[in-house]
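Understanding the architecture of this molecule
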Amino acid sequence: MFLQQLRASGSLLICATFLMAVPTSSLAEEIAAFPLTVEHKLAETTIADDPQRIVTLGWSGEDAVLALGKTPVAMTKYGAFADGMFPWVKEKISGNPPVLLSGDLDYEQIAALKPDLIVGVYSGIDDRAYARLSSIAPTVVYRSAPWSADWREQMTVIGEALGKSDDASALIAETNDMLRALGNAHPELKGKSFTFGTYFPGNNSVVVYLPRDPRVEALMELGMVPSQGISDLAKTAPKETSVSVSLENLASVDADILIMWYGEGARAAAEAQPLFHTLGSVKSGAYVALEDPVDVWSTSALSVLSIPYGFPRFVPRLAEAATRVGR
């Protein structure tokens, strides 16, 4: 439905019908899927019964759980939002809201929740933490590496853990189609080079994201390409998702379009750097600054919920920047 409306109207602000396709698995099918075993980087986890008390750790695991029709009993708290939740998550929650957990692993608090499944796919859970969590409840983590799973991996692994692999695959396919449709609606983005980064006040460098980072992968789905400087850095750091570039070398990662996300006060600090204004993308106005928490997190914590929520407001800004390239 989303794609049909997009093609018919050309609008990029009509994503409400996409949030989100109703999972198709019946209750009987879900129950029949158990017991099941999920393979991941740290172990093979057996889940005996259909999970009802799910704790999500790390980033965006709750998005996948909610998209598959379940509400976690606890999830990570996101301090950038007054209620600790992403807006695309909040609107999907019915009944009792989840307990909000700090970024630190409080094993006693997690155990007190009596979970029957713990998921931490986009997280930094290591062997030691995994052992402690597994003593509380079956625990499923990433297949790639700590803090490396993209939204597709997260959706796939959590779909398997919930006995809803087919639904997860359908949601991934629909989100992929949406990204491509957004790109096709803006042909001015095709082939435009970009650099996506951030700046932390007080530093003499900028963090830039490499092609393995989900942020960069999503923009490539739109038809954009990483800048030559980013591609060169990726060759020297093939396993990394980000690297720091000194302000003195910032010109090496200039691009047609520069995208920067900022925490509070960081934009002013970045733009106060004289070298920042030597970039061709900044001079031409082909510079997209993401400051609003919704803009920052919907383009950073990617999921099958955040992409349709945030990208229809993000992509038009990229398209506008594309019209300024070379001015």
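The coordinates are above.
Residues numbered from 1 in each chain as written. Predicted model: local features only at pLDDT ≥ 70, side-chain atom pairs only at ≥ 80, totals over all residues. Heavy atoms only, no water.

Side note on the packing of helix H7 (residues 151–161) against helix H8 (residues 165–185)
Stated formally: Lines fitted to C-alpha atoms define the axes here, with helix axes fitted over just the stretch in contact, and angles between the N-to-C directions of these axes take values from 0 to 180 degrees. Secondary structure elements are taken from DSSP: a helix is a run of H or I of four residues or more, a strand is a run of E of two residues or more, and numbering for both begins at the N terminus. Each angle gets one of four labels, with under 35 degrees taken as roughly parallel, over 145 as roughly antiparallel, 65 to 115 as roughly perpendicular, and the rest as oblique. In this scheme, a crossing is called left-handed if the near helix is turned counterclockwise away from the far one by less than a right angle; it is called right-handed if the turn is clockwise. Throughout, a contact is declared for two residues whenever any of their heavy atoms are within 4.5 Å. Only Asp, Glu, Lys and Arg are considered charged in this grouping, and only Ala, Val, Leu, Ile, Met, Phe, Trp, Tyr, Cys and Pro are considered nonpolar; every other residue, Gly among them, is considered polar.
Contact pair H7 / H8: the axes reach a minimum separation of 7 Å and the direction vectors enclose 160°. Compared by their axis directions, H7 and H8 come out roughly antiparallel. Seen from above, H7 lies across H8 with right-handed handedness. Of the residues in H8, those in contact with Trp151, Arg152, Met155, Thr156, Gly159 and Glu160 of H7 are Ser165, Ala168, Leu171, Ile172, Thr175, Asn176 and Leu179. Of the residues belonging to the contact of H7 with H8, the class tally is six nonpolar, five polar and two charged.

Observations concerning the nonpolar core
Stated formally: Remark: nonpolar core denotes a set of buried residues (Ala, Val, Leu, Ile, Met, Phe, Trp, Tyr, Cys) joined through side-chain atoms within 4.5 Å. A simple rule labels every residue: compare its accessible area, found with a 1.4 Å probe on the protein chains alone, to the largest value its type can have, and call it buried under 20%, exposed over 50%, or partly exposed in between.
Among the nonpolar cores identified, the biggest contains 80 residues, and Met155, Leu219, Ile257, Ile259, Phe311 and Leu318 are the most heavily contacted of them. When residues in this core are grouped by element, the largest group, seven residues, is from helix H14 (residues 306–322). Sequence-distant contacts of Phe311, defined by excluding residues within four places in its chain, comprise Leu179, Leu182, Ala218, Leu219, Ser298, Thr299, Leu302, Ser306 and Pro316. Val206, Ile230, Val243 and Met260 belong to the second largest nonpolar core, which has 21 residues in total.

Comments concerning the pairing of strand E13 (residues 287–290)
For the record, the criterion: Strands were regarded as paired on the criterion that DSSP finds at least two bridges between them.
Both faces of E13 are covered, namely the face carrying Tyr287 and Ala289 and the face carrying Val288 and Leu290. As paired strands, strand E12 (residues 257–261) and E13 are joined by four bridges and run parallel to one another. Across the sheet, residue Trp261 finds its bridge partner in E13, namely Leu290.

Some points on the packing of aromatic side chains
Which entries qualify depends on this criterion: Between the rings of Phe, Tyr and Trp (Trp by its six-membered ring), a pair exists once the centres lie within 6.5 Å; its type follows the angle of the planes, with under 30 degrees stacked, over 60 edge-to-face, and the other angles tilted.
Scanning the model with the defined rule gives 14 aromatic pairs in all. With 5.4 Å between their ring centres and 40° between their planes, Phe86 and Trp297 make a pair best called tilted. Of this pair, Phe86 sits in the loop between strand E4 (74–76) and helix H4 (87–90) while Trp297 is found in helix H13 (residues 293–298), placing the two residues 211 residues apart along the sequence. The residues Phe86 and Trp297 share a single accessibility class, namely buried. With 5.3 Å between their ring centres and 70° between their planes, Phe276 and Tyr287 make a pair best called edge-to-face.

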